[in-house]
Protein chains: 4
Amino acid sequence: MKVTLISHTPEPELACALAAKTCHAAKMPKGPMTREGMKRMLDIVIGSGHTSVLEHASFTFAVEGVSRSLTHQLVRHRMASFSQQSQRHVRLKDFEYVVPPTVEKSPKTAKAFRETMSLISDAYGQLAEMGVPLEDARYVLPNAATSNIVVTMNARSLHNFFELRSCLRAQWEIRKLANLMLREVQKKAPLLFEWAGPICKARGICMEGVTDCKFYKLYVKKKPS
Amino acid sequence: MKVTLISHTPEPELACALAAKTCHAAKMPKGPMTREGMKRMLDIVIGSGHTSVLEHASFTFAVEGVSRSLTHQLVRHRMASFSQQSQRHVRLKDFEYVVPPTVEKSPKTAKAFRETMSLISDAYGQLAEMGVPLEDARYVLPNAATSNIVVTMNARSLHNFFELRSCLRAQWEIRKLANLMLREVQKKAPLLFEWAGPICKARGICMEGVTDCKFYKLYVKKKPS
Amino acid sequence: MKVTLISHTPEPELACALAAKTCHAAKMPKGPMTREGMKRMLDIVIGSGHTSVLEHASFTFAVEGVSRSLTHQLVRHRMASFSQQSQRHVRLKDFEYVVPPTVEKSPKTAKAFRETMSLISDAYGQLAEMGVPLEDARYVLPNAATSNIVVTMNARSLHNFFELRSCLRAQWEIRKLANLMLREVQKKAPLLFEWAGPICKARGICMEGVTDCKFYKLYVKKKPS
Amino acid sequence: MKVTLISHTPEPELACALAAKTCHAAKMPKGPMTREGMKRMLDIVIGSGHTSVLEHASFTFAVEGVSRSLTHQLVRHRMASFSQQSQRHVRLKDFEYVVPPTVEKSPKTAKAFRETMSLISDAYGQLAEMGVPLEDARYVLPNAATSNIVVTMNARSLHNFFELRSCLRAQWEIRKLANLMLREVQKKAPLLFEWAGPICKARGICMEGVTDCKFYKLYVKKKPS
């Protein structure tokens, strides 16, 4: 899995802080703002859940080498834009695939998994050679087959994504993606994403009621009230 | 593939027609309306593209036995609600699968396809027995593996879905789904869906510029101006 | 203000409960379900925040006699469908208007308010008579001028609407609307909306940090953990 | 009315063109691309209606001095993000207002209009002084009262906005806004917005069937097939 932040709103913190000021100002506010001024404004809107102003900053990621299991989950997020490599049109000879850690950790399961991938690859190639269109030959391809996808989300949607997907109850592969995305945006916009993460970190609650989780213990205690 | 319309807004045509009247009436309009009155109103809004009023009627389908290729495409429609059978939680022993017609038509490709499905099924079972969690064992499952999904769309979103997916350039499986869904809603709300279908039928244009297509020839000539 | 539930998904609780079951069942579940079975299922999904299944039930309201201040706030909810009476096309002679309670409570402010409404009404009529198109004459009309609007939201979006708008910090008019809508949907779908209301009731938290509010005191203590 | 493009995705054409290439490439495409390469790619996706890739470029506008009539229409666009000056919290003494051209063109209507504005301003001030909260005193404020609003839309949503709002049948004020916004984005991303405009220009059709309109005559003839 490789995650690259390929584009984003310039000065994303400023864009959101100015939008927040607009709501309460007699004149349209202009930049620049000091870091302290932006932090004060953003802490208020994020802390109080008035996060619509976070929609003015967008982030675009190139995501490579993730499974189709992951992308099927990922594209369920509707406040987002996706452009995904098409299995209808791209011939995937010797396709690449993701091996789950629980499979990799035992030589026996790893071997069974890789042999299955190899058999599927052969079958896919044979079907294509026998004249089956790619869009139908791909019906044999496994969930593990990798895909590339460009993902754009605004900062509000990212907060929601992190709340759900960086939680320990999320599936391991999409959690890995969420963590890599979070690291990237925190570099570029620390004020926007300081408290982004699983909902226990972001909001001090666990919807699943799993209060003996290590994240819950870590975050619910640390969060300033 | 089995498509069942399991629920919908009662009197969907009336709901949309009353909403349309609201925009231009001094008093909140009340039902009932005559079929002619509804038809006049709905023909105007649909013909002139003022289709936001169609959002007041929703339709819910149970879709069974479709491939994960199809569902991955389907859930890209964001003006829709989905509840899909989870491969993370449901053990799919002897999983069922979709055989594409281009594979089925030759005994040789059909045999190769079925044998591959059988090998994958064995591998999935073995991985599960060797202690791999279901959510990871499923990485070997093919796109062809079937899924069940509940789909709700409003009439406006359905129009868009049909424009894109009942087009001859759509992939065969999702086109089949679109056609079955269209048949169901036309039974229940003929006035809402009389001109629903590929965009050449619905709008008299082909975005792809494929004017020698049989649908284009059929529909662009027939549509009243 | 008059709020009428004019249409909704039939058996809305069943629609959502069946959708929830679909995610974890090997076969597509069919109705009917017992009330106990539905309650068990819905309590789990609502309690744990897996509320996407609530999108399968929609509710349509006719809302009459609300101010344009209210509708301007209302249409900011984007997970909703609206058909609003047009001031561009509907002549509002002797337009009706909303008098805020804080204005009504003093004879002095009430009188000033009504006289202003009367002057505006005269100006609107004069401009129209002098040939100004309705869509421009309406520029003198006040926020208080009433409007009719048809509103459709699904149960998930309604939960969000109630969390924000039935809160004591919401503006009085939209809170009144939210409370009337909540009363209507609780009659038809008590299992879906038992814990709907301000976020302190629904989620046991106050985003605004106003813990000395009477709702917070009432609900955060009462909510079962 | 003042419209300023305050932020946008850097290299918006490249972001969209790379996303389009991702769908059909075996490897994740990297920039830079030549202008010709981008143009070829974008002409295909825009011409064929595969405009989801345009969602990866966003544009943020500061819009000042527009009427509340306009903003009420504007915020109906749901594929957009808004942060609007609040009349609940901002005291608008001597509020500014928009005078429609049809009112301005006759001294008689202009005078009647301005006198009404003045009376409303007095009433608003008096109510506030008599202790009515701002959020209720504003009920007397007219549609003409100006507002500031920050608007973010992606390029796909902007295309839709221009199709509807730069049409001659759109209301004059929002058409003026659309034209100013279009001019700004065409400067920054000419390849993305070359054919943006009323639907007759963008798609060669008029949904309203107004084929004797000067735009229809101008654009439907000029558009390359």
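Residues numbered from 1 in each chain as written. Chains lettered and ligands numbered in written order. Predicted model: local features only at pLDDT ≥ 70, side-chain atom pairs only at ≥ 80, totals over all residues.

Caption draft 1: Here's a closer look at the overall build of chain A. Each helix and strand counted, chain A has 11 helices and 4 strands in total. Dimensions of chain A, computed from C-alpha atoms along their principal axes, come out at roughly 70 × 40 × 25 Å. Within the span of chain A, comprising 225 residues, buried residues form 50% of the whole. The long-range fraction of contacts in chain A, counting pairs at least 24 apart against all pairs at least 6 apart in sequence, stands at 71%. (Helix = DSSP H or I, 4+ residues; strand = E, 2+ residues; numbered from the N terminus. Buried ≥ 20, exposed ≤ 12 C-beta atoms within 10 Å, placed from the backbone. Contact = placed C-beta atoms within 7 Å.)

Caption draft 2: Summary view of helix α1 (residues 12-22) of chain B. Of all 11 residues in α1 of chain B, 11 are buried; the element is thus mostly enclosed. Listing the buried residues of α1 of chain B in full gives P12, E13, L14, A15, C16, A17, L18, A19, A20, K21 and T22 of chain B.

Caption draft 3: Representation of the relation of the copies chain B and chain D within the structure. With an axial shift of 0.0 Å and an RMSD of 0.0 Å, the rotation relating chain B to chain D amounts to 180°. Here the two chains are linked by the operation of a two-fold rotation axis. Relative to the rotation axis, the closest C-alpha in chain B is found at I205 of chain B, a distance of 4.1 Å. Both copies share a contact surface, since 100% of the interface residues of chain B are interface residues in chain D too. (Least-squares fit on C-alpha atoms with pLDDT ≥ 70 in both.)

Caption draft 4: Quick peek at the interface of chain B and chain D. Across the contact, 6 residues belong to chain B and 6 residues belong to chain D. Of the residues contributing to the side of chain B that touches chain D, the split by class is 2 nonpolar, 2 polar and 2 charged. (Nonpolar A, V, L, I, M, F, W, Y, C, P; charged D, E, K, R; others polar.)

Caption draft 5: Up close: the interface of chain D and chain C. Listed by partner, the interface residues are 36 residues for chain D and 35 residues for chain C. For the side of chain D that touches chain C, the secondary structure elements donating two or more residues are α3 (68-74), α4 (101-104), α5 (107-129) and α6 (134-137) of chain D. No other element matches α5 of chain D, which puts 10 residues into the side of chain D that touches chain C.

Caption draft 6: Spotlight on the domain arrangement of chain A. As assigned here, chain A comprises domain 1 (2-82 + 146-222) and domain 2 (100-140). Look at where the C-alpha atoms of domain 1 of chain A and domain 2 of chain A centre, and you get two points 35 Å apart. (Domains from an automatic or database assignment.)

Caption draft 7: A look at the confidence of the model for chain A. Summing up the model confidence of chain A, the mean pLDDT is 94 and the portion of residues at 70 or higher is 97%. Prediction confidence for the complex, expressed as pTM and ipTM, is 0.96 and 0.95 respectively. (pLDDT = per-residue confidence, 0-100.)

Caption draft 8: Representation of helix α7 (residues 155-165) of chain C within the structure. With 9 of 11 residues buried, α7 of chain C lies mostly within the body of the structure. Within α7 of chain C, the full set of buried residues consists of A155, R156, S157, L158, H159, F161, F162, E163 and R165 of chain C.

Caption draft 9: The environment of K21 of chain A, seen in detail. All names here are of chain A. Inspection of the secondary structure puts K21 in helix α1 (residues 12-22). Accessibility expressed as a C-beta count within 10 Å gives 22 for K21, which makes it buried. Residues contacting K21, with those up to four places away along its chain left out, are P29 and M41.

Caption draft 10: The arrangement of the sheet that holds strand β1 (residues 2-8) of chain B in detail. Residues and elements named next belong to chain B. Taken together, the 4 strands give an open sheet; going across it, the order is β1-β2-β4-β3, and neighbouring strands pair in antiparallel fashion. Each edge of the sheet is formed by a strand with only one pairing partner; in this case those strands are β1 and β3 (81-84). When the angles between neighbouring strand axes are averaged without regard to direction, this sheet yields 20°. Where strand β2 (residues 58-67) lies against strand β4 (residues 146-154), 8 bridges are found, and the strand directions are antiparallel. Bridging across to β4, F61 finds its partner in V151. Helix α8 (residues 172-188) rests against β1 and β2 of the sheet, and its axis sits at about 40° to β1. (Pairing = 2+ DSSP bridges. Axes fitted to C-alpha atoms, helices over the stretch in contact; angles between N-to-C directions.)

Caption draft 11: Structural view of the relation of the copies chain D and chain C. Relative to chain C, chain D is turned by 180° and slid 0.0 Å along the rotation axis, the superposed coordinates differing by an RMSD of 0.0 Å. A high fraction, 97%, of the interface residues of chain D reappear at the interface in chain C, so the copies pair face to face through one surface.

Caption draft 12: The arrangement of the packing of helix α7 (residues 155-165) of chain A against helix α8 (residues 172-188) of chain A in detail. All names here are of chain A. Viewed as axis vectors pointing N to C, α7 and α8 meet at an angle of 140°, and their least axial separation amounts to 9 Å. One way to sum up the angle between α7 and α8 is to call them oblique. Note that α7 runs across α8; the crossing there is left-handed. Between α7 and α8, the residues in contact are L158, F161, F162 and R165 and I174, R175, A178, L182 and V185, respectively. Split by residue class, the contact of α7 with α8 holds 7 nonpolar, no polar and 2 charged. (Parallel < 35°, antiparallel > 145°, perpendicular 65-115°, else oblique. Left-handed = near helix turned anticlockwise from the far one by under 90°.)

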